Amino acid sequence: MTDIVRRNVFFSAICLLLLSGIFGIWYYTEQKNKAYKDIYLEFKVVEDEYDLYAKIDPISLIKKTNAKDIDYPIIKPKTVGEHTYVYTAKDEFGNRKEFVLSLKFVDPIKPVLVLTTNYVEITEGDSVDFNSFVKEAYDEIDGHLDVDVDIPNNLSVGEYEIVYKVSDKHKNVVTATLKLRVNPILRKQNNELKTDESST
């Protein structure tokens, strides 16, 4: 066998090895891409709302999947509203495919608002500290809460409903109503007590 023939055989062998290597890489890449497309993860039907303080196992929300392994999110929201969580499914080729789940959380614990009384009578012109009728206003999570009081601009003779309102940081609102009666001023005429309404 001449040197030229040996050289040709050598180069032919090298070319075959290169071609087989290229084909192997192409085939592996095609299989990997196909495997990526075939990865699936299906979630269960989620509830409309979840308790903000409930413990939720992320695995329990998966209905079915063909993933070899899954990176699970930690479901511990700190605020109410809608939150998204990413599940990363992995196959034997090392493909990673993300699946997103949205969950809505609410705060079921409403604030506490207690008045010292639900009915008060005053005389027209009296000065009234309406905040003094608040006995308790707090939230188990937020602690003490400021109270908003809806007070009419002019307290003339008549009956009113004074609305007290508190809200926590999660926008849970509680109201309480104080019924107020404003009596007319009593005036003394001819040794008799008469109201402004009856006097002339």
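Report on the accompanying structure. Counting from 1, residues in each chain are numbered in the order their sequence is written. Owing to the predicted nature of the model, reporting of local features is limited to residues with pLDDT of at least 70; listing and counting of side-chain atom pairs is limited to 80 or more, with chain, interface and lining totals taken over all residues. Hydrogen atoms and water are omitted, and side-chain values are computed over all heavy atoms in the structure.

### Looking at the environment of valine 163
- Secondary structure elements follow DSSP: runs of H or I no shorter than four residues count as helices, runs of E no shorter than two count as strands, and numbering proceeds from the N terminus. Structurally, valine 163 can be placed in strand 12 (residues 158-167).
- Categorising residues by exposure relies on relative accessible area from a 1.4 Å probe, with only protein chains included: less than 20% of the type maximum marks a residue as buried, more than 50% marks it as exposed, and the intermediate range marks it as partly exposed. Since its relative accessible area comes to 30%, valine 163 is described here as partly exposed.
- Residues valine 163 and aspartate 150, 13 residues apart in the sequence, show an inter-C-alpha distance of 5.3 Å.
- Filtering out sequence-adjacent residues up to four positions away, valine 163 remains in contact with Asp148, Val149, Asp150, Thr175, Ala176 and Thr177. Residue contacts are defined here by distance: any two heavy atoms, one from each residue, within 4.5 Å place the two residues in contact.

### What to know about the sheet that holds strand 9 (residues 134-139)
- Between any two strands, at least two bridges found by DSSP are needed for them to pair. What the three strands build is an open sheet, ordered 7-9-10; its pairing is antiparallel. Of all the strands in the sheet, the pair left with one neighbour each is strand 7 (112-115) and strand 10 (143-144).
- The pairing of strand 9 with strand 10 spans two bridges and is classified as antiparallel. Note that in strand 10 the partner of tyrosine 138 across the bridge is histidine 144.

### Some words on the packing of aromatic side chains
- Aromatic pairs are defined between Phe, Tyr and Trp rings, using the six-membered ring for Trp, whenever the two ring centres lie within 6.5 Å; interplanar angles under 30 degrees are classed as stacked, those over 60 as edge-to-face, and all others as tilted. The final tally for this structure, using the stated rule, is four aromatic pairs.
- Taking the centre distance of 6.0 Å and the plane angle of 40° together, the rings of tyrosine 50 and phenylalanine 105 count as tilted. With tyrosine 50 in strand 2 (residues 50-51) and phenylalanine 105 in strand 6 (residues 96-106), the pair connects residues that are 55 residues apart, well separated along the chain. The same class applies to tyrosine 50 as to phenylalanine 105, namely buried.
- Between tyrosine 72 and tyrosine 87 the ring centres are 6.0 Å apart and the planes differ by 85°, which places this aromatic pair in the edge-to-face class. Note that tyrosine 72 is positioned in the loop between strand 4 (69-71) and strand 5 (81-90) and tyrosine 87 in strand 5, a separation of 15 residues in sequence.
- With a relative accessible area of 0%, tyrosine 87 lands in the buried category.
- Members of the aromatic cluster, joined through ring pairs, are Phe43, Tyr72 and Tyr87.

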